[in-house]
Amino acid sequence: MMPGLVNSHTHIGDSIAKDIGIDSGVEEKIHPVSGFKQKILKNSDKHHLASFVKNSCISMIRKGITSFIDFREGGSEGINLLKNATLGIPIRPVILGRIEYYQDLRSIKNNTPIPQFHKSSLQNFLLNCDGLGISGPNEFSDSALQYFAKTRKIRAIHSAETEESNKISKKISGKTETQRALLAKPNFLVHMTYASKKDLVLAIKNRASIVVCPRANGSLAEGIPDVDVMLDAGCNIAIGTDNVMINSPDMFREMDYLWKVSMAMKKKRLVQKIYSRWLPQMLQNFWVEKLELFKMVTWQIAYSLKNMQLI
């Protein structure tokens, strides 16, 4: 007996593009504006796309995942597609939509606000989903990010996924990606692979949880999130599988990968903050490490979103 697993970060729409461009880099593959993923989503037949999304949901159910949090591209149409695809399937989608609007470098430097038309579009689709899944701070001005912070539903945003994205943020604004991402007052930050210790402390001060996607980062040759440091800092951590075009949505594989690669990186056991007095010393590391990982795929994201129904 166990609680249902929660996949805390997916892009389930790209189920239709599994393994396409497997040797491509992050920007070429999944950039929200120029990546070929966007072209595939826009040019795919919607019924065909929905059937692939449905198959991924069935796959998750078979692997013990009863809830997933999806960054849903495509505005209102994308939200409705996911809702229709999950009808009749005993799985709980938490749908974080987005407007199909991104700002260029000049707009970001000039701190240009979001146009009224897109503000209206955002308010309209928020009536039909659970919140916002923001692509990242490098696509929006401070003014736009602060506008997102005023919305009343769940907010989440990618941050510090790659070294390059962090460099771009510093070049544009003199701030780290995480510093700017927190302007949106997110419930959680996704990735944080290249977040500094100061960034982690800042996330904690802003009550933002962190969702790591280790297999996705590994598949894209972008490093591994330092969960040991995150735990030591006191971060609330959850786990997601990210793009279905890159990874199978399997939380058991995700936990196994994260546990082993974290120990390999540090050449020591995963840092522990909870010790059970009733367990013999020789069993403490084994059981407590598994408990920490299991919490990351169950109640920690539910606690963060104040929604225990997820598990």
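That block above? That's the structure.
In this text the structure is predicted, and so the values were computed from the model without any measurement.

Asks: Explain empty space enclosed by the protein to me, using residue names and the numbers behind them.
Replies: If you walk through the whole model with that rule in mind, you get 1 cavity of 30 Å³ or more. Approximately 60 Å³ is the volume found for the largest cavity. In this structure, the largest cavity is lined by Gly97, Arg98, Ile99, Tyr102, Leu132, Gly133, Ile134, Ser135, Phe140 and Phe148. The element contributing the most residues to the lining of the largest cavity is strand E4 (residues 131-134), with 3 residues. The residue inventory of the lining of the largest cavity, partitioned by class, reads 6 nonpolar, 3 polar and 1 charged.

Asks: Explain the pairing of strand E1 (residues 5-11) residue by residue, including any values.
Replies: Summarising burial for E1: 7 of the 7 residues are buried, a large majority. In this sheet, strand E2 (residues 65-72) lies alongside E1 in parallel orientation, the contact comprising 4 bridges. Following the sheet pairing, Val6 is matched in E2 by Ser67.

Asks: Please set out the layout of surface pockets residue by residue, giving values where relevant.
Replies: A volume near 410 Å³ is recorded for the second largest pocket. As for the second largest pocket, its lining consists of 17 residues, of which Asn206, Arg207, Ala208, Ser209 and Ser304 are closest to the centre. For the lining of the second largest pocket, the secondary structure elements donating two or more residues are helix H10 (197-205) and helix H15 (299-304). When its residues are assigned to classes, the lining of the second largest pocket shows 7 nonpolar, 6 polar and 4 charged.

Asks: Can you explain the side chain of Glu292? Please cite residues and give values.
Replies: Along the chain, the position of Glu292 falls in helix H14 (residues 281-296). Within polar-contact distance, the side chain of Glu292 engages the side chain of Lys295 at 3.1 Å.

Asks: Give me the lowdown on the packing of aromatic side chains, citing residues and values where you can.
Replies: Within the structure shown, the criterion is met by 3 aromatic pairs. Taken together, a centroid distance of 5.1 Å and an interplanar angle of 85 degrees make the contact between Phe140 and Phe148 edge-to-face. The exposure classification of Phe140 matches that of Phe148, with both residues buried. Both rings, one in Trp299 and one in Tyr303, keep their centres 5.7 Å apart while their planes meet at 75 degrees; by these two values the pair is edge-to-face. One end of the pair is Trp299 and the other is Tyr303, both in helix H15 and 4 residues apart, which spans about a single turn. On the accessibility criterion, Trp299 (32% relative accessible area) is partly exposed. Among the aromatic residues, those joined into a cluster by ring pairs are Tyr102, Phe140 and Phe148. Sitting over the face of the ring of Tyr147, Lys119 holds its NZ or CZ atom 4.8 Å from the ring centroid.

Asks: Lay out the sheet that holds strand E8 (residues 237-239) in plain terms, naming residues and giving numbers.
Replies: Pairing within the open sheet is parallel, and its 9 strands lie in the order E8-E7-E6-E5-E4-E3-E2-E1-E9. Two strands in the sheet have a free side with no partner beyond their single neighbour: E8 and strand E9 (242-243). Relative to strand E5 (residues 154-159), E4 runs parallel, the two being bridged by 4 bridges. Bridge assignment links Gly133 to a residue of E5, and that residue is Ala156.

The rules behind each value
Residues numbered from 1 in each chain as written. Predicted model: local features only at pLDDT ≥ 70, side-chain atom pairs only at ≥ 80, totals over all residues. Heavy atoms only, no water. 1 Å grid on protein atoms, 1.4 Å probe; cavity = no way out; pocket = protein on both sides within 12 Å on 5 of 7 lines; lining within 4 Å. Points joined across faces, edges and corners; volume = space filled by probe spheres on them. Helix = DSSP H or I, 4+ residues; strand = E, 2+ residues; numbered from the N terminus. Nonpolar A, V, L, I, M, F, W, Y, C, P; charged D, E, K, R; others polar. Buried < 20%, exposed > 50% of the residue type's maximum accessible area, 1.4 Å probe, protein only. Pairing = 2+ DSSP bridges. Polar contact = N/O pair within 3.5 Å; in protein donor to acceptor, adjacent residues only side chain to side chain. Phe/Tyr/Trp six-rings, centres within 6.5 Å; stacked < 30°, edge-to-face > 60°. Lys NZ or Arg CZ within 6 Å of the ring centre and 35° of its normal.

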